[in-house]
Amino acid sequence: MASTINTPPPPITGYNPVLVLLPPREYARRTDAFRRVHDKSGLRWTAHMTLMFVETQLLNEKMSALREALRNIQPFKLRLNKVDSFPMSGYDTVHLTTDHAEDQEDIQRLWNALATTTGYQGRSFTPHLTLGQAPNRNALEALQLLHVKAQHILANVKDLEWTVGSVVLLNRDEENRGIMKYQDEIFLGDNTTSSYLMPPLFPTISLRSGGWSWEDTVSSATNPPSTLSIATYNLLHDADFPFSERADRVIKEIVDADADILCLQEVSDEALSVIMESSHIRNIYAFSSRDSLVTLENERNLMILSRHSFSWLPLDTGSKHKPACIATFNFEGTSASNLVVACVHLTAGRGASPLEQKTRELAKIVEYLASSHKKDDSVIVGDLNWPNEVNTTPADGSFEDLGASRGQDPTYEPLRNALAAKTARESTTGQRYDRVYLKRNGGWAVQDFGTFAVGVEPASDHWGLKASLQRKRSSIGSTAVQDQPTAPTTSVHLPTTSIKAADLDTVLQTEGWLPSSAHERKMELALELLRNVLCPMPVAPVLDPEGLPAKKSPRVIIRLEAVGSYGLGVHCSTSDIDCLAIGNISPKTFWMLARSKIRAHLLRARADGVDQVIQLKRFVKDATVQMMELDVSGIKVDLQYCAAAGLAEHWEELARLQPDSPYFSLPHSSLVTLNAYRDLLTLRKVIPSLDQFRIAHRSLKLLLVRRGLWGARFGYLGGFHLTLLLTRIALSLPKAAKAPHLIEAFLRTYAEWDWHKDVVYPIPPEANSNMTYKRVLSKEPMVVLSIQRPLCNLTFHASVNSVQALSRGLRYAQAAVDSAQPWSNICGLQEEGEEGEKPIALGEFTTSHRSFIKMEVHYWGGNDMKGRALIGWLESRIVNLLVQLHQNVPELVVRFWPERLVDRTNIDPEARDPNGFYLFGLSASKASDSYHQQNDRPTRNASDLHSALASCLRTFEHGLRTNERFYDDRDTFISLSHLKQSQIPSDILMDPFKWSDNGFDAPEEDEEEEDSEPSADRPAVDGEIINNNDSWDDFRASSSSQRKRAAAAAKAQSTSYIPAGKLRTSSDVYNRLMWDSTGNVPKDGYVIGYEDRFKGIKEMPLTSWKREVEDESFIPFHRVAYFKRLVDGVTLWDKRTKVDLVFGSGASGPKHP
């Protein structure tokens, strides 16, 4: 109802005045909820029709004239009866308007009077009441949905009477989020009734006199209930299963549940109307979060029905169309006056990406409840879409999962629920998607718990879930309640620590260690883009004329999952993404087609001017574990592939498979690759609180990096090592442990860990039963075992010296914690305001040793690929140097700093090649050290020790300089020297050098025959599927491949034609000569001729050939030119002439004896 304003509100200081028409309050009631989501200005403006913006000074000058001009215009009727839209830059604005000629004339007359009086010279007037915007590029579905919703809104408002009686002046309140507020009003004719009557922002709807109406003020319950039942029910919104056909059954199930508070998910406009108009519903519920006259903002919406009055608001969880509904119940006469119910519907999907998304959504809800309702009891209830195989959620620390502790039955069961069977997209296994979480140590206790709406003819694809709560005695009655004895909590078992959670957060933020929200989004988009390019879409089967499958056509299946630090969510701002692809085609086919698809994608993207692209940096092809290094829109991605047809086709069952399942009967290299994802599933399942674990993991990594104790390739800890060690700590502490407790326990445990004797066994602990591992002590100074079989030591690069350095560093950190030093000091970070780029920890390293080994490297060849190969090879040799130093001078502990360093005074910003050095600090070993207690060598004097050290360095240096593959004295110089502390440059820092090609290897000049196009007429191998009808298999050679083949054909014209079949690969020949014991020539009786990129054809003994990419001498098989027998000089296999005397392929010939 309208009211008369005698004295207008005081003016608001502002610079954005606008003249508008405000519709009746009932218009706003029926449109504002929708506009708040779809109109970019919906949160700042109520429903309105903009007339014009006017400058403040001009408006003050013309206000009297405006009042006089509008006094000559009488109030008029305005009927909105049409949905229309107009294009803007990047989007279309959908609005309500009128096509009544009389209405158009009246409103145009009003606008003309305003324009004439103010001298307005802008664009012409189009009467419109904005409902929302939708992108007008590649988003037709969103625009169509907005139009459909707009038609629904129109149907709700077209019969409302709108008498335009005034023009309202609104102005932006800059101090209150830019909300447009009332400043003045200009009346038409003799009207004095204000149009300014604002509706409540998020009204609760109450049942009065048999109808639903707004609850302007929410009163508290005068008689607080001693018991309360809360239920959740997903109604299912699916075009294939219309709600109208299930409405009676849904209403019946809701009534039978008889819950005091009912949280509904997937509520559509149709479902809302049916529920709110049902007499059965009205007999139970008097309050609702939704109005039957309101058009819902999304296709699937949340709704709360209750017997008790409540207030509510939507909470943005960071995901589009996935807000939570936060309802607050104010019960008078209780010690905790409010009960807060968070109704949720999290992102669907069980893969890594949706799991990460729903983890963030739930964490946002938990964080909001902890900060805004710290003293209130709270419940999280709804469809969490949380898979059974992931046992931890962000809610576990503060909330009790009522279903987990009471053996909850699945609420989504495709094998029992016919609708679930028809809507299931991933698995037929029953899932406990719907859950109820109750705040721990609160004022409510669980009385009963179970499912409802279970039957042969289901009303939805979900069963309902209901929890009955009883208020604890101490929470009823007066707020002055005596404390009741409570059961001891697990916090008494937590270690005491001086580490502050706020300190950890500050350091992580200050150091830029945490990925920003923009960077997180960039990583998400990179992963999504990679999936779109590499993962095939399902293909419909080919049907015969009768509609039956003409031929069973196997489908290519590729699953792409994030693993490693990003998959677990412990990544930092500098982390890359490790990806694992699992499919039912052979590795050779996958890599060939993946490379082709990436190349085609890049060409299309460049042609279209698209910035989001995938580029191949390097392809490690001929190795036990093949890998592509990619750049995806600026994000580094390492991609590996595992050929496992059975697992790819039953991917959703992976987490439930037993270790001895036949699906895991894979080659060793495939199993090791697959274990990256299996490990991730195990970690997600066993880690008690992932949120606290991530904070602790990132903080410890920062400590190790800044203290120079990070880098698995140097024998220190890497990301997965830290994850395993920290997980064991997390499992040993109570679930309530926070990040400071985890860090305290980690440092205290591993600072005193006896690496010489003790083995870090896999997690979870129950997996250690009947487990034995044969440790070779002389080669394994540190043992951290893998989670999955095959069991292996993950710290294979560790040396005695690196383990000693790690132990000393952890003991130093623990002592600093004990003395209550701030975390920034413990990490050795740069102090605020201090000039220079050298971290404190590096300065402490250079001043805490009396002498050093300095390994200098200088390269001036100008070839980035060769330079990277040189640096990579040199760094791979550092572990060998540490081992040799321990063998030759065990009296010394060698502390290596795992970064290439430079003297600040010698930095050349224009340098195209790297020039730097590595430092090894030397100190005397302690007699108490367990590694040196076994040494029986007599004590040597300083002169003998110095001689032994010098001899070791010269021997190692000679080995580097005589390596013809990497060391070329024409463009390379490497030297090792023993220096005193005073001879070390005083101002050193990490080498800032960047490769001019940004790390992109040049394309291969030749292609091995393994790159040939897959043929449909050859048999599949290793479960490989070849199907030329599958869209993912529509492979066409790139123009680059065609040019190479054309060049090869031209070259062949200059030589005699050699009729030959397909030549067996060089790796096949290598395997036969290495492992076939039937021949009479020993393995060392063969040599391999291979093509060096810089020096042409070179030879190597067969037994010296290295296949592991991590090995310093690794050479890809596609560079093999021939195999030769030494005893008679016969060439057994030659790629150039297609001679094969081993298998008889190619230019056929007899097999070698």
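Everything numeric in this text was worked out from a predicted model, so none of it was measured.

1. Describing the overall build of the protein
Point 1. Within the protein, the secondary structure is distributed over 27 helices and 39 strands.
Point 2. Here the protein, with 1153 residues, has 52% of them falling under the buried criterion.
Point 3. Surface exposure of the protein reaches about 53,700 Å², of which carbon and sulfur atoms provide 50%.

2. Re the sheet that holds strand β1 (residues 18-21)
Point 1. Spatially, β2-β1-β8-β9 is the arrangement adopted by the four strands of the open sheet, whose pairing is antiparallel. In this open sheet, the two strands that pair with only one neighbour each are β2 (49-53) and β9 (179-187). Here the average twist between neighbouring strands, direction ignored, is 35°.
Point 2. Pairing of strand β8 (residues 166-173) with β9 involves eight bridges; the strand directions are antiparallel. Paired with Val-168 across the strands is Glu-185, a residue of β9.
Point 3. Of the strands in this sheet, β8 and β9 touch helix α2 (residues 56-71), which is tilted by about 50° from β9.
Point 4. Lying on the sheet, helix α3 (residues 101-118) is in contact with β1, β2 and β8; it crosses β2 at an angle near 15°.

3. Description of the pairing of strand β21 (residues 434-439)
Every other side chain in a regular strand lies on the same face of the sheet, so the side chains alternate between the two faces.
Point 1. Burial runs high along β21: five of the six residues are buried.
Point 2. With five bridges connecting them, strand β19 (residues 377-383) and β21 associate as antiparallel partners. Within the sheet, the bridge partner assigned to Gly-382 lies in β21 and is Arg-435.
Point 3. In this sheet, β21 lies alongside strand β20 (residues 399-401) in antiparallel orientation, the contact comprising three bridges. Each residue of the ladder has a partner; that of Phe-399, found in β21, is Lys-439.

4. Digging into the sheet that holds β20
Point 1. Here six strands make up an open sheet; going across it, the order is β16-β17-β18-β19-β21-β20 and the pairing mixed. With partners counted over all chains shown, the strands left at the sheet margins are β16 (311-315) and β20, one partner each. Recorded for the sheet is a direction-independent mean angle of 20° between the axes of neighbouring strands.
Point 2. Bridge count for strand β18 (residues 338-345) against β19 is seven bridges, and the pairing is parallel. Looking across to β19, one finds that Leu-339 is bridged to Asp-377.

5. Description of the environment of Arg-940
Point 1. Along the chain, Arg-940 falls in the loop between β32 (915-924) and α25 (942-961).
Point 2. Setting aside anything within four residues of it in sequence, one finds Arg-940 in contact with Asn-888, Val-889, Pro-890, Glu-891, Leu-945 and Ala-948.
Point 3. At 2.9 Å, the side chain of Arg-940 forms a polar contact with the backbone oxygen of Asn-888.
Point 4. Looking at Arg-940, its side chain comes within polar contact range of the side chain of Glu-891, at 3.0 Å.

6. Re the packing of aromatic side chains
Point 1. Scanning the model with the defined rule gives 25 aromatic pairs in all.
Point 2. Between Trp-591 and Phe-619 the ring centres are 5.2 Å apart and the planes differ by 45°, which places this aromatic pair in the tilted class. Of this pair, Trp-591 sits in helix α14 (residues 587-608) while Phe-619 is found in strand β26 (residues 614-620), placing the two residues 28 residues apart along the sequence. Per residue, the accessibility class of Trp-591 equals that of Phe-619, and both read buried.
Point 3. The interplanar angle of 75° and the centroid separation of 5.8 Å between the aromatic rings of Phe-1123 and Trp-1133 together place this pair among those described as edge-to-face. With Phe-1123 in strand β37 (residues 1120-1125) and Trp-1133 in strand β38 (residues 1131-1134), this pair connects stretches of sequence that are 10 residues apart. Trp-1133 matches Phe-1123 in its accessibility class, with the two residues each being buried.
Point 4. Aromatic rings pair up to connect Phe-590, Trp-591, Phe-619 and Tyr-641 into one cluster.
Point 5. The lysine or arginine in question, Arg-868, covers the ring of Trp-995, its NZ or CZ lying 5.7 Å from the ring centre.
Point 6. When the ring centre of Phe-1143 is taken as origin, the NZ or CZ atom of Arg-1064, which lies over that ring, is 4.1 Å away.

7. Structural notes on the side chain of Asn-801
Point 1. Inspection of the secondary structure assignment puts Asn-801 in helix α20 (residues 800-818).
Point 2. A relative accessible area of 1% means that Asn-801 is categorised as buried.
Point 3. Excluding anything up to four places from it in sequence, Asn-801 contacts Leu-882, Leu-885, His-886, Leu-892, Val-893 and Val-894.

8. Description of the pairing of β19
Point 1. Summarising burial for β19: seven of the seven residues are buried, a large majority.
Point 2. In this fold, β18 hands off to helix α8 (residues 352-372), which returns the chain to β19; that crossover is right-handed.

9. Points about the packing of α2 against α3
Point 1. Packing of α2 against α3 brings their axes to within 9 Å, and their N-to-C directions diverge by 140°. Between α2 and α3, the angle is such that the two are oblique. Seen along the crossing, α2 lies across α3 with a hand that is right-handed. Seen from α2, the contacting residues are Leu-58, Lys-62, Ala-65, Leu-66, Ala-69 and Leu-70; seen from α3, they are Leu-110, Leu-114, Thr-117 and Thr-118.
Point 2. Here the residues of the contact of α2 with α3 are counted per class, giving seven nonpolar, two polar and one charged.

10. Focus: the packing of helix α17 (residues 690-706) against helix α18 (residues 719-732)
Relative orientation and spacing of two packed helices are given, respectively, by the angle between their axes and the distance between those axes.
Point 1. Where α17 meets α18, the axes come as close as 10 Å, and the angle between the chain directions of the two elements is 130°. One way to sum up the angle between α17 and α18 is to call them oblique. For the pair α17 and α18, the sense of crossing is right-handed. Here Phe-693, Ala-696, His-697, Leu-700, Lys-701 and Leu-704 of α17 come into contact with α18, specifically with Gly-719, Leu-722, Thr-723, Leu-726, Thr-727 and Ala-730.
Point 2. Looking at side-chain class alone, the contact of α17 with α18 contains seven nonpolar, four polar and one charged residues.

11. Section: the nonpolar core
Point 1. By size, the foremost hydrophobic cluster in this structure holds 109 residues, and its most contacted members are Phe-746 and Phe-920.
Point 2. Sort the elements by how many residues they give to this core and helix α19 (residues 739-751) lands first, with eight residues.
Point 3. If near-sequence neighbours (up to four positions away) are discounted, Phe-920 is found in contact with Ser-851, Phe-852, Ile-853, Met-855, Ile-878, Leu-881, Leu-882, Val-894, Arg-895 and Phe-896.

12. Re the confidence of the model for the protein
Point 1. The predicted model of the protein averages 82 in pLDDT, with 84% of residues at 70 or higher.
Point 2. The element-level mean pLDDT for the protein is lowest in helix α26 (residues 1039-1052), coming to 47, with strand β13 (residues 261-267) highest at 96.
Point 3. Scored below 50 in pLDDT, residues 1-13 shows 22 contacts in the model against residues more than four places distant or in partner chains.
Point 4. Residue range residues 475-492 is modelled with pLDDT below 50. Its contacts to residues more than four positions away, or to other chains, number 17 contacts.

13. Re the environment of Glu-899
Point 1. When you line up the elements, Glu-899 lands in the loop between β30 (892-896) and β31 (901-903).
Point 2. Classification of Glu-899 by relative accessible area gives partly exposed; the value is 37%.
Point 3. For the pair formed by Glu-899 and Gly-711, sequence separation is 188 residues and the distance between their alpha carbons is 9.3 Å.
Point 4. Setting aside its immediate chain neighbours within four residues, Glu-899 contacts Phe-917, Tyr-918 and Met-990.

14. Here's the deal with the pattern of salt bridges
Point 1. Enumeration according to the criterion identifies 50 salt bridges in this entry.
Point 2. In this structure, the salt-bridge partner of Asp-401 is Arg-435, at a minimum N-O distance of 3.6 Å. Of the two residues, Asp-401 sits in strand β20 while Arg-435 sits in strand β21, which places them 34 residues apart along the sequence. In this pair, the class of Asp-401 matches that of Arg-435, namely buried.
Point 3. Where Arg-694 meets Asp-691, a salt bridge forms, and the shortest distance between an N and an O atom there is 3.8 Å. Remark: Asp-691 and Arg-694 occur in helix α17; sequence separation between them is three residues, near one turn of the helix.

15. Let's talk about unusual backbone geometry
Point 1. A positive phi is found at Glu-266, a non-glycine position, where the angle reads about 60°.
Point 2. Structurally, Glu-266 can be placed in strand β13.
Point 3. A relative accessible area of 11% means that Glu-266 is categorised as buried.
Point 4. Positive phi, normally seen in glycine, also occurs at Asn-441, with a value near 55°.
Point 5. Positionally, Asn-441 belongs in the loop between β21 and β22 (444-452).
Point 6. Judged by its relative accessible area of 71%, Asn-441 is exposed.

Each value, and the rule that gives it
- Residues numbered from 1 in each chain as written.
- Predicted model: local features only at pLDDT ≥ 70, side-chain atom pairs only at ≥ 80, totals over all residues.
- Heavy atoms only, no water.
- Helix = DSSP H or I, 4+ residues; strand = E, 2+ residues; numbered from the N terminus.
- Buried < 20%, exposed > 50% of the residue type's maximum accessible area, 1.4 Å probe, protein only.
- Areas by Shrake-Rupley, 256 points an atom, 1.4 Å probe, with all protein chains shown as cover.
- Pairing = 2+ DSSP bridges.
- Axes fitted to C-alpha atoms, helices over the stretch in contact; angles between N-to-C directions.
- Contact = heavy atoms within 4.5 Å.
- Polar contact = N/O pair within 3.5 Å; in protein donor to acceptor, adjacent residues only side chain to side chain.
- Phe/Tyr/Trp six-rings, centres within 6.5 Å; stacked < 30°, edge-to-face > 60°.
- Lys NZ or Arg CZ within 6 Å of the ring centre and 35° of its normal.
- Right-handed = clockwise from strand over helix to strand, strands pointing away.
- Parallel < 35°, antiparallel > 145°, perpendicular 65-115°, else oblique.
- Left-handed = near helix turned anticlockwise from the far one by under 90°.
- Nonpolar A, V, L, I, M, F, W, Y, C, P; charged D, E, K, R; others polar.
- Core = buried A, V, L, I, M, F, W, Y, C linked by side-chain atoms within 4.5 Å.
- pLDDT = per-residue confidence, 0-100.
- Salt bridge = Lys/Arg side-chain N within 4 Å of Asp/Glu carboxyl O.

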